[in-house]
Amino acid sequence: MAHSEHQGSEFEGQQGIELLPDGKHPVDEVLKPGPMLLYGLQHVMSMYAGVVAVPFIVGSALKLPFADLSYLLAATLLVSGLATLLQTIGVKWIGAKLPIVQGTSFAAVASMITVGISAGGGVDGLRAIFGSVLIAGLAGFLLSGVFARLLHFFPPVVTGSVITVIGISLLPVAMRWAGGGAGAADFGSISNVALAAITLGIILVIYRFLPGFFSRIAIIVGLVAGGVVAGLMGKLDFSKVGQAETFAISTPFHFGAPTFQVAAIISMIIVMLVIMTETTADLLAIGVVVGRPADRKTVANGLRADTISTAVSGGLLNGFPVSAFAQNVGLVALTGIRSRFVVAVSGGILLVLGLFPQVGAVVAALPLPVLGGAGLALFGTVAASGIRSLAAVKYDGNSNLVIVALAIAAGLVPIAVPDFYHAFPDWFQTIFDSGISASAVTAVTLNIFFNVLGRKDEAAPIFAESPAIGVTPEEHPGGHVPHDPAAPHRRAAE
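Residues numbered from 1 in each chain as written. Predicted model: local features only at pLDDT ≥ 70, side-chain atom pairs only at ≥ 80, totals over all residues. Heavy atoms only, no water.

> Is there a simple way to explain the environment of Asp-124 in this structure?
Its place among the elements puts Asp-124 in helix H4 (residues 122-148). Placed 133 residues apart in sequence, Asp-124 and Ala-257 show a C-alpha to C-alpha distance of 9.9 Å. (Helix = DSSP H or I, 4+ residues; strand = E, 2+ residues; numbered from the N terminus.)

Quick look at the structure:
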């Protein structure tokens, strides 16, 4: 694993926190402008396809003309940029101040299409979607503090399982990209798979053989090199770049004032709870990756940034629900660049792309097999981070193995058999058609059943493996977590 720019710093505290020579945590490191811009661009290129996919899917389903689709895309990028800046820089009570990239959530796609079509499609459908997103975002904001109080139900046996499923659930996306994209006429062709393999190979060679700085930008170099190879293969298409506007600002209520329908609002609030569950898992995952465990306050602040951005997105800026992007958690783990300011730069880049749609269209011209090759490395790293967390869990004398087994199994059901729950009620499908939320619900429920209910001791066995709730390294001098002299004896007794 690559490390921070400052080598030779010592590991501090029980949690193995690597502090910088000036005593700062690597999360708060401000790098030189050149590397910071490059690392930020790498984050954008890694998640760009996921951000633009949602407005295209929803807009196409509502049969919007290309001009409206282009505007919707620009608005989505603008909102993602603003949300990322709020999450990473933060203001009082809002923003986790962790390297989390915010983008449009896939979890809401099916519900938004249903709401939009029920409202008649087109612009009327969009206005109904925006109204439900506004109310759901506000409801989520009000519930953020309560939701964060459930953090003690997310010990490592739960978070490790969910993080593993996050990575596994993203891998099919990378595989479809590697094949050329679902529905492509040449899907699975040798040329598409070869292009993905070449991109992945370039990334691995750079990561293995080139030192320091180059290993940290392996993803962006691989994407650019893959794009060059795609050009040589005749797979680059810039024909739609000219159709996008050169400059555009997403003005409030561009498509008209939001409309409000009770059924649509209820449906979107359920989706919002699913998104909050996924964001919580991502916040806990990035906390593990960067060595700054996310406590209750951090999760609450992160959820507030997530939900208020969603409310503003639907209520004012013609956008959709936003959530943390798990693939960028994988990028942080892969590169070792833990600075939240690097991710803030990526938020600024997304904002600029939202103002200049033609620039975004050039980035979007990168063939999906190139993104698929990079995605295999990124998404696989997320799953590996979850497995690493599970390796620290105690399995002797408890039922943690059962919890892990069934949580991962529940998460794999909608991935392996997408129509498995087709006969179930809509509210059930909203939750369990997402492998991430299905895994989270299963893991939390089983952990309560096996490790919490009926126990009279102070903590379930698995809780001994996690830091105390509400305690983060930065709250103590030198970044140390307070030493608990009774911990070894308690673990031995368990």
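Structure shown, so let's carry the discussion forward.
> Honestly, helix H6 (residues 190-209) in this entry has me stumped. Any pointers?
Within an α-helix, residues lying three or four positions from one another point in the same direction, as the helix has 3.6 residues per turn. With 20 residues, H6 extends 28 Å from end C-alpha to end C-alpha; this agrees with the ideal 28 Å at 1.5 Å per step. Looking at H6, one finds that the buried residues are Asn-192, Leu-195, Ala-196, Thr-199, Ile-203 and Ile-206. One side of H6 carries all its buried residues, which in axial view fall inside an arc of 95°. Those residues of H6 that are exposed and angled more than 90 degrees off the buried face are Ile-190, Arg-208 and Phe-209. (Expected span 1.5 Å × (residues − 1). Buried < 20%, exposed > 50% of the residue type's maximum accessible area, 1.4 Å probe, protein only. Arc of directions from axis to C-beta.)

> I tried to follow the packing of aromatic side chains on my own but got confused; where do I start?
The geometry of an aromatic ring pair is captured by two quantities: the separation of the ring centres and the angle between the planes. Enumeration over the complete set of coordinates arrives at 11 aromatic pairs. Between the aromatic rings of Tyr-421 and Phe-424, the centroid separation amounts to 5.4 Å while the plane-to-plane angle is 85°, which identifies the pairing as edge-to-face. Owing to a relative accessible area of 36%, Phe-424 belongs among the partly exposed residues under this scheme. For the pair Phe-449 and Phe-450, a centre-to-centre distance of 5.0 Å together with 75° between the ring planes defines the contact as edge-to-face. (Phe/Tyr/Trp six-rings, centres within 6.5 Å; stacked < 30°, edge-to-face > 60°.)

> Can you walk me through the confidence of the model for the protein chain in this structure?
Caution applies to low-pLDDT parts of the model: their predicted coordinates are not meant to be read in detail. Per-residue confidence for the protein chain averages 80 on the pLDDT scale, and 86% of its residues sit at or above 70. Between the elements of the protein chain, mean pLDDT differs from a low of 32, seen in strand E1 (residues 11-12), to a high of 94, seen in helix H10 (residues 296-315). This model gives residues 1-15 a pLDDT under 50, and the stretch forms 46 contacts once residues within four places in sequence are excluded. Considering only residues more than four positions removed or in separate chains, one finds that residues 456-494, a stretch of pLDDT under 50, has 62 contacts. (pLDDT = per-residue confidence, 0-100. Contact = heavy atoms within 4.5 Å.)

> Where do I start with the nonpolar core in this structure?
Nonpolar side chains in soluble globular proteins tend to be buried together. Val-58 and Phe-320 are the most contacted members of the largest nonpolar core, which totals 97 residues. Looking at this core, the element that brings in the most residues is helix H9 (residues 262-290), giving 13 residues. Counting residues in hydrophobic clusters, the runner-up holds 13 residues, among them Tyr-48, Val-52, Phe-325 and Ile-349. (Core = buried A, V, L, I, M, F, W, Y, C linked by side-chain atoms within 4.5 Å.)

> What is the right way to look at the pattern of salt bridges in this model?
Between side chains of opposite charge, a pair can form when the charged atoms approach closely. One pass over the structure, following the stated rule, counts 4 salt bridges. Here Arg-292 and Asp-28 are joined by a salt bridge, their closest N and O atoms 2.6 Å apart. Within this pair, whereas Arg-292 is found in the loop between H9 and H10, its partner Asp-28 is found in the loop between strand E2 (17-18) and helix H1 (33-61), the two being separated by 264 residues in sequence. Look at Arg-292 and you get buried, because its relative accessible area is 10%. A salt bridge links Lys-235 to Asp-186, with the shortest nitrogen-to-oxygen separation between them at 3.6 Å. Linking Lys-235 in the loop between helix H8 (218-232) and H9 with Asp-186 in the loop between helix H5 (156-179) and H6, this pair joins segments that are 49 residues apart in sequence. If you follow the salt bridges from partner to partner, you end up with Asp-28, Arg-292 and Arg-340 in one network. (Salt bridge = Lys/Arg side-chain N within 4 Å of Asp/Glu carboxyl O.)

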